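Inside the fold
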Amino acid sequence: MTLDSYNGDVHTVPQSENSPIDTEKERELFVPPLNFAMVDNGIFRSGFPEPVSFSFLQSLRLRSIIYLCPEPYPEVNVEFAKSNGIKVFQFGIERCKEPFVNIPDQVIREALQVLLDTENHPVLIHCKSGKHRTGCLVGCVRKIQRWCLSSIFDEYQRFAASKARISDQRFMELFDISNLRHSSLSFSCSKRC
């Protein structure tokens, strides 16, 4: 049936007319990492990417990964990054539970410098679960983008869920963006405002 002969009726295409999937590549599923989301054009966030997610990450054509954990990057992830020309920037922030949470301000600033450099885009930010450390870095990006605190906290809580930490939110609230030398206009959503 061609579009010219369409008369408004619903038709099904017989199974024999469907083209079969020929290659293994076409059958491959794209599985995003845990807590995956787009932050802005060229900036993504997630939990730790497992090998099952590598095909999905390849589709993003990443240039960089910002890894926020102190543990060495697993060899399989190093090989994936190397074989895809992805630079890995590691900013080791210890995993802590309240009331002993200490988000190091200087480490977040260093990670922001990498993140704000569009030469590193597309970039994936991740920690273990994509909740607290990743959430704090993304929250600081949102401050640069001039989001109101209630929206920053709402986004943080959507990813952290029942594990949201008051200390993380306090860190984001008190984080001083005045001495960051980067213009908020380099972000796509800021350009639209």
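The structure this text deals with has already been given above.
Residues numbered from 1 in each chain as written. Predicted model: local features only at pLDDT ≥ 70, side-chain atom pairs only at ≥ 80, totals over all residues. Heavy atoms only, no water.

1. What about the side chain of Ser46?
Heads up, the condition is: Labels follow the DSSP assignment, with helices taken as runs of H or I lasting at least four residues and strands as runs of E lasting at least two, numbered in each case from the N terminus. The classification of residues rests on relative accessible area computed with a 1.4 Å probe and restricted to protein chains. Under 20% of the type maximum is buried, over 50% is exposed, and intermediate values are partly exposed. Every residue pair with non-hydrogen atoms within 4.5 Å of one another is taken to be in contact.
Looking at the secondary structure, you find Ser46 in strand E2 (residues 43–46). Of the residues examined, Ser46 reaches a relative accessible area of 0% and is grouped as buried. If we skip the residues at most four places from it in the chain, Ser46 touches Pro33, Leu34, Asn35, Phe36, Leu124, Ile125, His126, Cys127, Gly130 and Thr134.

2. Quick word on the side chain of Arg45
As a reminder of what qualifies: Any pair of nitrogen or oxygen atoms within 3.5 Å is treated as a polar contact; in protein, a donor-acceptor pairing is required on top of that, and neighbouring residues in sequence qualify only through side-chain atoms on both sides.
Residue position: Arg45 is located in strand E2. Among the polar contacts made by the side chain of Arg45, one reaches the main-chain carbonyl oxygen of Gly130 at a distance of 2.9 Å.

3. Here we look at the nonpolar core
This is how it is decided: Only buried Ala, Val, Leu, Ile, Met, Phe, Trp, Tyr and Cys residues count toward a nonpolar core, and they belong to the same one when joined by side-chain atoms within 4.5 Å.
One finds Ile66, Leu68, Ile108, Leu112, Leu115 and Leu137 to be the most contacted residues of the largest nonpolar core, which totals 47 residues. The residues touching Ile66, leaving out its near neighbours within four places in the chain, are Phe89, Phe91, Ala111, Val114, Leu115, Val123, Leu124, Ile125, His126 and Leu137.

4. Section: unusual backbone geometry
With an omega of -5°, the peptide bond between His121 and Pro122 qualifies as cis. Here Pro122 shows up in the loop between helix H4 (105–116) and strand E5 (123–126). One non-glycine residue, Arg61, adopts positive backbone phi at about 55°. Its identity as a non-glycine residue notwithstanding, Arg146 has a phi of 70°, on the positive side.

5. A few points about the state of the cysteines
In a disulfide, the sulfur atoms of two cysteines are covalently bonded to one another. Keep this limit in mind: Note on disulfides: each one is a pair of cysteine sulfur atoms within 2.5 Å.
Evaluation of the coordinates by the stated rule reveals zero disulfides. The thiol sulfur of Cys69 is not disulfide-bonded, and the nearest other cysteine sulfur, from Cys127, lies at 5.5 Å. The exposure class of Cys69 is buried, given its relative accessible area of 0%.

6. A look at the packing of aromatic side chains
Rules: When two rings of Phe, Tyr or Trp (its six-membered ring) have centres within 6.5 Å they constitute a pair, described as stacked for plane angles under 30 degrees, edge-to-face for angles over 60, and tilted for the intermediate range.
Following the criterion strictly, the structure yields seven aromatic pairs and no others. With centroids separated by 4.8 Å and ring planes inclined at 85°, the aromatic side chains of Phe36 and Phe56 adopt a geometry described as edge-to-face. A residue pair is termed long-range when its members are at least 10 positions apart, and Phe36 in the loop between helix H1 (24–27) and strand E1 (37–40) and Phe56 in helix H2 (residues 54–60) qualify at 20 residues. Classification of Phe36 as partly exposed rests on a relative accessible area of 24%. Ring centres 4.2 Å apart and planes at 15° place the aromatic pair Phe54 and Phe80 in the stacked group. Residue Phe54 is found in helix H2, and its partner Phe80 is found in helix H3 (residues 75–83); the two are separated by 26 residues along the sequence. The class for Phe80 is buried, based on a relative accessible area of 8%.

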